[in-house]
Amino acid sequence: MVCHVPYHFLPISARFFHPARPIFPKVFFMEATAHPLDRPRTVAVRRPIFTHALPYLLIAPTFFLVFIFTLWPAIRTVYDSFFIFFPGRNPRPPEFVGLQNYADLFDQSHPIVSDFVQILTNTLIFTVGTVIFSIPIALLLALLLNRRIRGLGIWRFATFYPALLPAVGAASFWAFLYGNQLGLINTILTSFGLQGQNWTGDPDLVLGAITVQNIWKQAGYYMIFYLAGLQSIPRDIYEAADLDGAGYFQQLRYLTLPLLRRTTLFLLVVAFTFGFQTVEQLEALRGGLTNQRGNLLLYYIFQRRTDPRNWGYLNAMTVILAGLVLIFTVANFVFFERREDERG
Amino acid sequence: MVNTRRNGWSVAADAMAIGLALLWLAPLIFGLLMSFRPQAAPISSGNIFFGCQSDLSDQQQALIDEREAGRSITFAGCTVTRSNYDAAWSLTNGQWPRFFLNSLIFVVGTLAVQVVTVTMAAYAFARMRFFGRNVLLFALLLQLMVPTGLLIIQNFATIRRFGLLDTHWALMLPYWGSAFGVLLLRQTFRQVPYELEEAARIDGANLAQVLTNVYMPLSVPAYIAFALVSISSHWNEVLWPLIVTRTDTARTLTVGLSLLYENSDTGANYGLIMAGTILVVAPLVGMFMLFQRRFIESFASSGIK
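Quantities reported herein were computed from a predicted structural model and do not represent experimental measurements.

*Asks:* Tell me what's going on with the overall build of chain A, and back it up with residues and numbers.
*Replies:* Looking only at helices and strands, one finds 15 helices and 2 strands in chain A. Every one of the 344 residues in chain A was classed for burial, and the buried ones make up 38%. If you take every contact in chain A between residues at least 6 apart in sequence, the share linking residues at least 24 apart comes to 68%.

See the structure below:
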C-alpha cells in the first residue's frame, strides 16, 4: 500500500506502517519525560540509528561480561542445584530431584556430603567471629591512630599492611607463628615453661586460630574507613561538647559513635560479604583440613570441584552460601535503618 | 577529637597505639627474620632472632658454615643468609620470573580492559537517557550482591566450554566487567559540568574525544582509586587462578606460593616459606609505601576490595 499522508500527520500507532518510517522509531528507545539537558529541536532531523543505539552499544561490553560471568552463572547455579548428575563411563541425562540435594546436605549420614553441617557451622562461626572482633578493634585502632603521635605513618602502615597481602601470603606468616614444633608461639611458650599447643592441628583450636589470623588481616583495612569517618566529623562539635563539660568517654558515647553509625553499617555489610569468601588462608594453614573442623564452605566447594558427580551438591552449596551473604547484608540494612527511624 | 593536652590518658593512649601497631607488625618482622636465617639453625628458646650461635653446638656451626658458604654474612656471631630465597626461587623450577610476569599480565590486562569498558558504560549511565536505564543499572549492581568469587564452579565450567583453561584469558575474563567501577565512575562523571562537554561538542569533538579530553582528565582521582583497588585485589587473587591454571604458562605468583606448600614436604621449613611469601608480597607492599597516602584515600573512598 502506498501511503500519501505525510509521516508526521499520522497518529503514532499508524506511523509504524508508513514507508518513510525510521527503522528504530524514537518512541521505542527514548523515555517520554523531557530531560533538562534536551534542547528543543527547531529542525526535524532524522537521526541515524547509531544515535539511538549508542547508549546500548556503550554498556554492551560491561553488561555482556557481567551477564556471562555473574548473572547467568547465578541463574544456572540455582537451576543445577535441583538436579542429580550422572557423568562417567555411561553418562545419563541429569535427573530432576527438586530440593533433594538440599535435603542431602543436611543428612549427616550421607556418603558424599556428611561434612556439610560441620562446614556450614564453621563458616558461620568464622565469619561472625571475625566481624564481631575485627570491627571494634578497627574502631579502637582508628581512635588511637587519629591523634598526633610521633611516626604516625609507620603505625598506620603497621596496622594496614595485612590488608595488602594475598590471603595465602598473610596466612603463611601465621603458619610460622602457629607451627607445632618450630613455630614461634610455641617456642616462646616453652621458653616461659608453658606447654605448647598444636594450634592448627588440634580440632578444638584450629577454627579459633584461623579466625584470629583473619581478624589480624581485616582490622587494619576496616580501620581506614573509621579514620575517614572520624576525619569527616566537624571539629566544632567536640569544642561545643568540651564547653558543656563532656569528658572524652561521654563524647565518644554520645557524639562519635552515633556519627559513625553509617560507617559501621557499611563495614558490617562489607565484612560479612568478605567473611564468607575468605578461604584462601586454608591453602597455608592446612592443619585444620584433616577432620574438617577448620574447613570453610567456599574452600570445601573448591576442593570438591574435580568430581563431576558432586555437581548438583556443589551448586546447592553455592546457593546456600550466596543466600547467607544476602541474608546478612539485608539484615544489617533492616536493623540499622530501623534504629535510625526510632531516633527520628 | 585531637587532644592537644598531654596528660596521663594521652600517654597511655600513645603507648597502646604503638603497642597494638607492634603487635600487628610482629608477624611480618618475624617472617623477615626467619627468611634470612640459615636452615641449619632452627629457632629455639632464647634464640628467636637471627641465627645467633649462643646455643649452637660446634657441629651445627660447622654445618652452617659449610652450607651457607658464599651466600651469607656472619657478624657478631649471627649468620644472615640468602639461601632461603635461592631455594624458594629454584623450588618451582626457577619459574618465579614467569609467575611474576603472569601476575603482571593478569593485573595490567584486567585493568586496561576494565578502564575502557567501565568508562563507556559509566558515561552512558551518567549522561544518556535511554529506555530501561534503571533496570539495566540494577541488573549490573546485582554483581555487588552476588560476588563473582562465589560462582567459581559455574564460571570454571564456562571457561572450560570456551576452551580457555590454562590461558591468561581465563584469568582475566571474569573481571573485565566491573559493576563497582561503573558505579564509581558514574558518580564521578555526573559531577563533571555538562557545559564542558557542550563546549567540546560545539568545537566538533566526537564521543571518544569528549571522553578522553573532558571526562577522563577530570576524573583522574577516581581512576587512580579504581586502579589501586583493582590492582591489589587481582594481585592477591588465589582461588580463581588456582582453578583455571594447570601448568606454568598462566600461573600467578599466589599460585606459586600455594605450590610451595604442596611441593615442600620438609614440613617445617619456615625459612623457605617465609622467603617465598616475601617474594610475593614485596611488590605490592613496595608500591603501597610509594603511594601510601593515595592508597589509603582510595580504599577509604571506594570501599570495595
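There's plenty left to go through after this.
*Asks:* Describe the overall build of chain B, listing the residues and the values that go with them.
*Replies:* Across its full length, chain B holds 15 helices and 2 strands. Within chain B, counting contacts between residues at least 6 apart in sequence, those at least 24 apart form 71% of the total.

*Asks:* Quick one: what's the story with the interface of chain B and chain A, residue by residue and with numbers?
*Replies:* Between chain B and chain A, the residue contacts involve 82 residues of the former and 84 residues of the latter. The greatest single-element share of the side of chain B that touches chain A, amounting to 14 residues, is contributed by helix 1 (residues 8–35) of chain B. The class makeup of the residues in the side of chain B that touches chain A is 60 nonpolar, 20 polar and 2 charged.

*Asks:* Tell me about unusual backbone geometry, and please be specific about residues and values.
*Replies:* Glycine aside, residues mostly have negative phi, and peptide bonds are mostly found in the trans state. Residues and elements named next belong to chain B. Even without being a glycine, aspartate 166 presents a positive backbone phi close to 65 degrees. Assignment of secondary structure puts aspartate 166 in the loop between helix 6 (152–161) and helix 7 (168–172). Note on aspartate 166: 16 C-beta atoms within 10 Å, which makes it partly exposed.

*Asks:* Lay out helix 8 (residues 184–191) of chain A in plain terms, naming residues and giving numbers.
*Replies:* Along helix 8 of chain A, the positions that sit buried rather than exposed are Leu184(A), Asn186(A) and Thr187(A). For helix 8 of chain A, the angular spread of the buried residues around the axis is 165 degrees, confining them to a single face. Considering only its buried residues, helix 8 of chain A is in contact with helix 7 (167–178) of chain A together with helix 1 of chain B. One or two residues past the end of helix 8 of chain A sits Gly193(A), with phi positive at roughly 80 degrees.

*Asks:* Residue-level account of the packing of helix 4 (residues 96–127) of chain B against helix 8 (residues 179–190) of chain B, with values.
*Replies:* Residues and elements named next belong to chain B. In the contact formed by helix 4 and helix 8, the axes pass within 8 Å of each other and the chain directions differ by 50 degrees. The angle between helix 4 and helix 8 places the two elements in the oblique class. The element helix 4 and its partner helix 8 pack so that their crossing is right-handed. Where helix 4 abuts helix 8, its residues Gln114, Val118, Thr119, Ala121, Ala122, Tyr123, Phe125, Ala126 and Arg127 lie against Gly181, Val182, Leu185, Arg186, Phe189 and Arg190.

*Asks:* Describe the confidence of the model for chain A, naming the residues involved and giving the relevant values.
*Replies:* Mean pLDDT for chain A: 82, with 82% of residues reaching 70 or above. Across chain A, element-level confidence peaks in helix 5 (residues 116–145) of chain A with a mean pLDDT of 94 and bottoms out in helix 2 (residues 26–29) of chain A with 44.

*Asks:* Would you mind going over the environment of Glu195(B) in detail, with residue names and values included?
*Replies:* Among the structural elements, Glu195(B) can be located in helix 9 (residues 194–202). For the pair Glu195(B) and Leu20(B), spaced 175 residues apart in the sequence, the C-alpha separation amounts to 51 Å.

*Asks:* Any chance you could break down the nonpolar core for me, citing the residues and the numbers?
*Replies:* Among the nonpolar cores identified, the biggest contains 153 residues, and Ala138(A), Tyr222(A) and Met223(A) are the most heavily contacted of them. The contact partners of Ala138(A), leaving out residues within four places of it in the chain, are Ala219(A), Tyr222(A), Met223(A) and Tyr226(A).

*Asks:* Now, about the environment of Asn122(A): what can you tell me, with residues and values included?
*Replies:* All names here are of chain A. Within the element layout of this structure, asparagine 122 appears in helix 5. When the 24 C-beta atoms within 10 Å are taken as the criterion, asparagine 122 is described as buried. C-alpha of asparagine 122 to C-alpha of valine 212: the two residues are 90 residues apart in sequence and 14 Å apart in space. Those residues within four positions of asparagine 122 in sequence are excluded, and the remaining contacts are Leu207, Gly294, Asn295 and Leu296.

*Asks:* Tell me about the environment of Met216(B), and please be specific about residues and values.
*Replies:* All names here are of chain B. Looking at the element boundaries, methionine 216 is found in helix 10 (residues 207–218). Exposure remark for methionine 216: the 18 C-beta atoms within 10 Å place this residue in the partly exposed category. When the C-alpha atoms of methionine 216 and valine 146 are compared, they prove to be 29 Å apart, with 70 residues separating the residues in sequence. Excluding its chain neighbours within four sequence positions, the residues that come into contact with methionine 216 are Thr119 and Leu211.

*Asks:* Describe the pairing of strand 1 (residues 83–86) of chain A, naming the residues involved and giving the relevant values.
*Replies:* Residues and elements named next belong to chain A. Relative to strand 2 (residues 92–96), strand 1 is paired through 3 bridges, and the arrangement is antiparallel. Residue pairing across strands places phenylalanine 86 opposite arginine 92, the latter belonging to strand 2. Connecting strand 1 to the antiparallel partner strand 2 that follows it, the hairpin turn spans 5 residues, and glycine 88 within it adopts a positive phi of roughly 115 degrees.

*Asks:* Talk me through the confidence of the model for chain B; I want residue IDs and the actual numbers.
*Replies:* Residues and elements named next belong to chain B. The pLDDT averaged across chain B works out to 82; a share of 80% of its residues lies at or above 70. Per-element mean pLDDT across chain B ranges from 66 in strand 1 (residues 72–75) up to 94 in helix 4. Interface confidence for the predicted complex, expressed as ipTM, amounts to 0.84; the pTM equals 0.83.

Criteria and cut-off values
- Residues numbered from 1 in each chain as written.
- Chains lettered and ligands numbered in written order.
- Predicted model: local features only at pLDDT ≥ 70, side-chain atom pairs only at ≥ 80, totals over all residues.
- Helix = DSSP H or I, 4+ residues; strand = E, 2+ residues; numbered from the N terminus.
- Buried ≥ 20, exposed ≤ 12 C-beta atoms within 10 Å, placed from the backbone.
- Contact = placed C-beta atoms within 7 Å.
- Nonpolar A, V, L, I, M, F, W, Y, C, P; charged D, E, K, R; others polar.
- Arc of directions from axis to C-beta.
- Axes fitted to C-alpha atoms, helices over the stretch in contact; angles between N-to-C directions.
- Parallel < 35°, antiparallel > 145°, perpendicular 65-115°, else oblique.
- Left-handed = near helix turned anticlockwise from the far one by under 90°.
- pLDDT = per-residue confidence, 0-100.
- Core = buried A, V, L, I, M, F, W, Y, C linked by C-beta atoms within 7 Å.
- Pairing = 2+ DSSP bridges.

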